[in-house]
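As a plain string of letters, each chain reads:
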Amino acid sequence: MSQEGLFLDSGQSKNDVREEKSRSRLGLVVTGVLGGSLVALYAVAAPFVTPALRKICLPFVPATSVQVENVLSVLRARSGTLVDIGSGDGRIVIAAAKKGFKASGFELNPWLVWFSRYKAWREGVHKSTSFYISDLWKVNFSQYSNVVIFGVPQMMEQLELKLASELPTTAKVVACRFPFPTWIPENTAGEGIDTVWVYDAKTFKSDLQNGMRRKTTPEHKDTMDSQQ
């Protein structure tokens with residue numbers, strides 16, 4: 001005997017059976033939609049949340065239009081390659097490309113990287129821009145002559161050492177929102193949260209070398225004295 005027949009034998013009408021089947025199907029659809037929505041939400045949110053679980057994170061805070069203008073202003077006499085470390089939605093890279101730079105961005109969040117590529121294509125600068133999904137600590141920046149960084153205080157000291165060891169002496173570094181802790185800027189622009197600090201690689205690389213010499217000289221002197 002069919003399932004419908006059993007329901008009829010138990011006193012249920014055909015309409016009752018159809019309604020129960022409809023509710024069952026609706027429940028399955030709702031469950032599927034809800035489950036799919038949760039998966040999609042996790043997929044979107046995970047790239048934003050995961051960096052916050054790292055020891056040193058670089059949160060996405062969009063640059064203001066004034067900050068972008070200040071960055072371009074301090075680099076107006078510059079040319080060549082430019083990299084934005086933690087490029088977010090790509091606005092610095094795209095703006096720099098429009099000024100003639102061969103610009104690249106490194107960003108840990110894949111959704112922002114894909115969005116940046118789309119924006120660059122839409123604004124006609126996709127041929128002079130590149131966006132990469134990468135951890136900044138795994139990238140060598142030696143090929144870039146202009147560096148822009150929207151950092152956080154916890155990372156700036158470690159980033160000083162990395163950039164000083166990798167960048168050519170002709171490079172310029174522009175820090176936004178937070179300055180580097182020991183480097184001396186050659187120029188600043190803007191005020192408040194829109195302030196940018198400009199650093200010359202020749203200066204901070206020389207300071208790093210002189211600092212290393214100062215640390216090694218006393219030890220070297222002690223060794224020489226012990227040999228005399």
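Residues numbered from 1 in each chain as written. Predicted model: local features only at pLDDT ≥ 70, side-chain atom pairs only at ≥ 80, totals over all residues. Heavy atoms only, no water.

S.K.: Explain the confidence of the model for the chain here, please?
M.R.: Detailed reading of the predicted model is not advised wherever pLDDT is low. For the chain, per-residue confidence averages 79 on the pLDDT scale, and residues scoring 70 or more make up 66% of the total. Here residues 37-56 scores under 50 on pLDDT; set against residues more than four positions off or in separate chains, the count is 18 contacts. Ignoring residues within four places in sequence, the model shows residues 213-228, a span with pLDDT below 50, making zero contacts including any to other chains. (pLDDT = per-residue confidence, 0-100. Contact = heavy atoms within 4.5 Å.)

S.K.: Honestly, helix 3 (residues 65-74) in this entry has me stumped. Any pointers?
M.R.: For an α-helix the count is 3.6 residues per turn, leaving residues at separations of three or four pointing the same way. Turning to helix 3, its buried residues number three or more, namely Gln67, Val68, Asn70, Val71, Leu72 and Val74. Summarising the contacts, the buried residues of helix 3 are in contact with helix 4 (91-98), strand 4 (146-150), strand 5 (172-176), strand 6 (187-189) and strand 7 (196-200). (Buried < 20%, exposed > 50% of the residue type's maximum accessible area, 1.4 Å probe, protein only. Helix = DSSP H or I, 4+ residues; strand = E, 2+ residues; numbered from the N terminus.)

S.K.: Looking at this structure, I do not really get the nonpolar core. What am I missing?
M.R.: Nonpolar side chains tend to gather and get buried jointly when the protein is soluble and globular. The biggest cluster of nonpolar side chains holds 26 residues, and the ones touching the most others in it are Val71, Leu75, Val148 and Val174. At the level of elements, helix 3, helix 4, helix 5 (110-122), strand 4, strand 5 and strand 7 are the ones that each hand at least two residues to this core. Looking at this core, the element that brings in the most residues is helix 4, giving six residues. Each residue touching valine 148, except ones within four places of it in the same chain, is listed here: Val71, Leu75, Leu82, Val83, Asp84, Ile85, Ile92, Val174 and Cys176. Counting 25 residues, the second-largest nonpolar core is a separate cluster that includes Val139, Tyr144, Met156 and Ala175. (Core = buried A, V, L, I, M, F, W, Y, C linked by side-chain atoms within 4.5 Å.)

S.K.: Help me understand the sheet that holds strand 3 (residues 129-133) in this model?
M.R.: Two modes of strand pairing occur in sheets, parallel and antiparallel, and in both the strands are linked by backbone hydrogen bonds. Spatially, 3-2-1-4-5-7-6 is the arrangement adopted by the seven strands of the open sheet, whose pairing is mixed. Edge positions in the open sheet fall to strand 3 and strand 6, since each of these has one partner strand only. Here the strands of the sheet are splayed against their neighbours by 20° on average, with no regard to which way each runs. Of the pairings in the sheet, the one linking strand 2 (residues 102-107) to strand 3 comprises five bridges and is parallel in character. Of the residues in strand 3, the one forming a bridge with glutamate 107 is isoleucine 133. (Pairing = 2+ DSSP bridges. Axes fitted to C-alpha atoms, helices over the stretch in contact; angles between N-to-C directions.)

S.K.: Before we go on, may I ask you to explain the pattern of salt bridges in this structure?
M.R.: Any two side chains of opposite charge can pair if their charged atoms end up close together. Scanning the model with the defined rule gives five salt bridges in all. Of the charged contacts, one joins aspartate 89 and arginine 91 as a salt bridge, the two residues approaching to 2.5 Å between their closest N and O atoms. On the basis of relative accessibility, which here comes to 30%, the residue arginine 91 falls in the partly exposed class. (Salt bridge = Lys/Arg side-chain N within 4 Å of Asp/Glu carboxyl O.)

S.K.: What is the right way to look at the side chain of aspartate 200 in this model?
M.R.: Among the secondary structure elements, aspartate 200 is positioned in strand 7. With relative accessibility at 15%, the residue aspartate 200 sits in the buried group. If we ignore the near neighbours within four places in the chain, the residues touching aspartate 200 are Ala171, Lys172 and Glu186.

S.K.: Sorry, what's going on with the environment of glutamate 69 here?
M.R.: Among the structural elements, glutamate 69 can be located in helix 3. Taking the relative accessible area as the measure of exposure, glutamate 69 reaches 53% and is therefore exposed. On a C-alpha basis, the gap between glutamate 69 and aspartate 194 in space is 9.4 Å, while along the polypeptide they are 125 residues apart.

S.K.: I'm lost on the packing of helix 3 against helix 4 in this one. Help?
M.R.: In a pair of packed helices, the angle between the axes and the distance between the axes together describe the arrangement. Direction vectors running N to C along helix 3 and helix 4 enclose 45°, while the axes themselves pass 10 Å from each other. On the basis of their axis angle, the class for helix 3 and helix 4 is oblique. With respect to the hand of their crossing, helix 3 and helix 4 are arranged in right-handed fashion. Across the interface between the two elements, Val68, Val71 and Leu72 of helix 3 pack against Arg91, Ile92, Ala95 and Ala96 of helix 4. Classifying every residue of the contact of helix 3 with helix 4 gives six nonpolar, no polar and one charged. (Parallel < 35°, antiparallel > 145°, perpendicular 65-115°, else oblique. Left-handed = near helix turned anticlockwise from the far one by under 90°. Nonpolar A, V, L, I, M, F, W, Y, C, P; charged D, E, K, R; others polar.)

S.K.: How do you make sense of the packing of aromatic side chains when you look at a structure like this?
M.R.: Per the counting criterion, the structure on display carries 10 aromatic pairs. Cluster of aromatic residues (ring-pair linked, three or more members): Phe106, Tyr132, Phe141 and Tyr144. (Phe/Tyr/Trp six-rings, centres within 6.5 Å; stacked < 30°, edge-to-face > 60°.)

S.K.: It is not clear to me how a nonpolar patch on the surface should be interpreted in this structure. Could you clarify?
M.R.: Taken together, the side chains of Trp111, Trp114 and Ile133 present a nonpolar region at the surface, about 310 Å² in accessible area. Mapped onto the elements, isoleucine 133 comes out in strand 3. (Patch = residues over 30% accessible without salt bridge, like charges linked within 9 Å, V, L, I, M, F, W, Y side chains within 5 Å. Areas by Shrake-Rupley, 256 points an atom, 1.4 Å probe, with all protein chains shown as cover.)

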